[in-house]
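Below, each chain spelled out in residue letters.
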Amino acid sequence: MLFALITWQVLVSGPLLVPDAALSRALVRTVPDAVTQRLSDLGNVPVAVPVLLLAVVHAVRRGNRRGAAAAALAMALVPALIVPLKEWTGRPGPLEPWASGYYPSGHTATAYVAYVGAALLVRPYTRGSWPFLLAAALTALTAVGLVLRGYHWPLDVLASLLMCTPLLLGVKWATGRHSPH
């Protein structure tokens, strides 16, 4: 529901975009670009997807084929969902008003699904909640880096998290049906 509200606001240039722009103006470039670029890069496909692939291989080797398949499918659905929305909304970027395709954030979606998906797959074989803490940290660092660097508006990042949560709930459900040996 919140995702639909944010998307509607982006499409009609609604009032939520005013605080979104104000927050962006207050945050962009408050941290050196060299730092925020590295944080943003945590959401790049060559960085995030191999983490998920290692967890998928681990889950398959441990007999959790259903969870592994669900995580791989969730990652495959990220571009299938994100790219059409980017084209449909045509939202310009904070630092590139002449460009379009910034809503929702593909890097945030990639990081979220890859890192949390990996955590869901390895959690049954670990002690404690460190996989989820690490996944949350990596996803948050990616999102913060994207906003601070000026690559995305805060609502772009929030929308990606909201949009991908159902995908991860599917991975959780599929993984939860597997009992580790």
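See the structure shown above.
Cut-offs and rules
Residues numbered from 1 in each chain as written. Predicted model: local features only at pLDDT ≥ 70, side-chain atom pairs only at ≥ 80, totals over all residues. Heavy atoms only, no water. Helix = DSSP H or I, 4+ residues; strand = E, 2+ residues; numbered from the N terminus. Rg over C-alpha atoms; globule rule 2.2 N^0.38 Å. Contact = heavy atoms within 4.5 Å. Areas by Shrake-Rupley, 256 points an atom, 1.4 Å probe, with all protein chains shown as cover. Patch = residues over 30% accessible without salt bridge, like charges linked within 9 Å, V, L, I, M, F, W, Y side chains within 5 Å. Salt bridge = Lys/Arg side-chain N within 4 Å of Asp/Glu carboxyl O. Expected span 1.5 Å × (residues − 1). Buried < 20%, exposed > 50% of the residue type's maximum accessible area, 1.4 Å probe, protein only. Arc of directions from axis to C-beta. 1 Å grid on protein atoms, 1.4 Å probe; cavity = no way out; pocket = protein on both sides within 12 Å on 5 of 7 lines; lining within 4 Å. Points joined across faces, edges and corners; volume = space filled by probe spheres on them. Axes fitted to C-alpha atoms, helices over the stretch in contact; angles between N-to-C directions. Parallel < 35°, antiparallel > 145°, perpendicular 65-115°, else oblique. Left-handed = near helix turned anticlockwise from the far one by under 90°. Nonpolar A, V, L, I, M, F, W, Y, C, P; charged D, E, K, R; others polar.

1. Looking at the overall build of the protein
Move 1: The number of helices and strands found in the protein is 8 helices and 0 strands.
Move 2: Secondary structure elements in the protein, listed N-terminal to C-terminal, are α-α-α-α-α-α-α-α.
Move 3: Taken over C-alpha atoms, the radius of gyration comes to 17 Å for the protein, in line with the 16 Å a tight globule of 181 residues would show.
Move 4: With the C-alpha coordinates aligned to their principal axes, the bounding extent of the protein is approximately 55 × 35 × 25 Å.
Move 5: A separation of at least 24 residues holds for 78% of the contacts in the protein among residues at least 6 apart in sequence.
Move 6: Carbon and sulfur atoms form 70% of the exposed surface of the protein, whose accessible area is close to 9200 Å².

2. With respect to the side chain of Ser24
Move 1: Following the sequence through the fold, Ser24 ends up in helix α2 (residues 17-27).
Move 2: For Ser24, the residues in contact, after removing those within four places along its chain, are Pro94, Trp153 and Pro154.

3. Details of a nonpolar patch on the surface
Move 1: A grouping of Leu2, Leu5, Trp8, Leu11, Val12, Leu16, Trp88 and Leu158 is seen on the molecular surface, where their side chains present a nonpolar patch of about 750 Å² in accessible area.
Move 2: Mapped onto the elements of the fold, Leu2 is located in helix α1 (residues 2-12).

4. Thoughts on helix α4 (residues 45-61)
Three or four residues apart is the spacing at which side chains of an α-helix point the same way, because the helix has 3.6 residues per turn.
Move 1: Its 17 residues give α4 an end-to-end C-alpha distance of 24 Å, which sits within 8% of 24 Å, the value for a rise of 1.5 Å per residue.
Move 2: Taken residue by residue, α4 has Ala48, Val49, Leu52, Ala55, Val56 and Ala59 as its buried positions. The buried residues of α4 occupy one face: seen down the axis, they fall within an arc of 120 degrees. Away from its buried face by more than 90 degrees, α4 exposes Pro46, Leu54 and Arg61.
Move 3: Along its buried surface, α4 packs onto α5 (65-89) and α6 (106-122).
Move 4: A positive phi of about 90 degrees marks Gly63, the residue just after α4.

5. A look at the layout of surface pockets
Move 1: As a volume, the largest pocket reaches approximately 150 Å³.
Move 2: Around the largest pocket, the lining residues are Val51, Ala55, Tyr115, Ala118, Ala119, Val122, Trp130, Pro131, Leu134, Ala135 and Leu138.
Move 3: Contributions of two or more residues to the lining of the largest pocket are made by α4, α6 and α7 (130-149).
Move 4: When residues in the lining of the largest pocket are grouped by element, the largest group, 5 residues, is from α7.

6. Let's talk about the environment of Gly150
Move 1: You can see Gly150 is positioned in the loop between α7 and α8 (154-176).
Move 2: Exposure remark for Gly150: the relative accessible area of 5% places this residue in the buried category.
Move 3: Counting along the chain gives 16 residues from Gly150 to Pro166, while the straight-line C-alpha distance between them is 27 Å.
Move 4: Residues contacting Gly150, with those up to four places away along its chain left out, are Val28, Pro94 and Leu95.

7. A word on the packing of α4 against α6
Move 1: Following both chains from N to C, one finds α4 and α6 inclined at 20 degrees, their axes separated by 8 Å at the closest point. Between α4 and α6, the interaxial angle falls into the category roughly parallel. Here the hand of the crossing between α4 and α6 comes out left-handed. Note on element contacts: α6 touches α4 through Thr110, Ala111, Val113, Ala114, Tyr115, Gly117, Ala118, Leu121 and Val122, opposite Val45, Val47, Ala48, Val49, Val51, Leu52, Ala55, Val56, His58 and Ala59.
Move 2: Partitioning the contact of α4 with α6 into residue classes produces 16 nonpolar, 3 polar and no charged.

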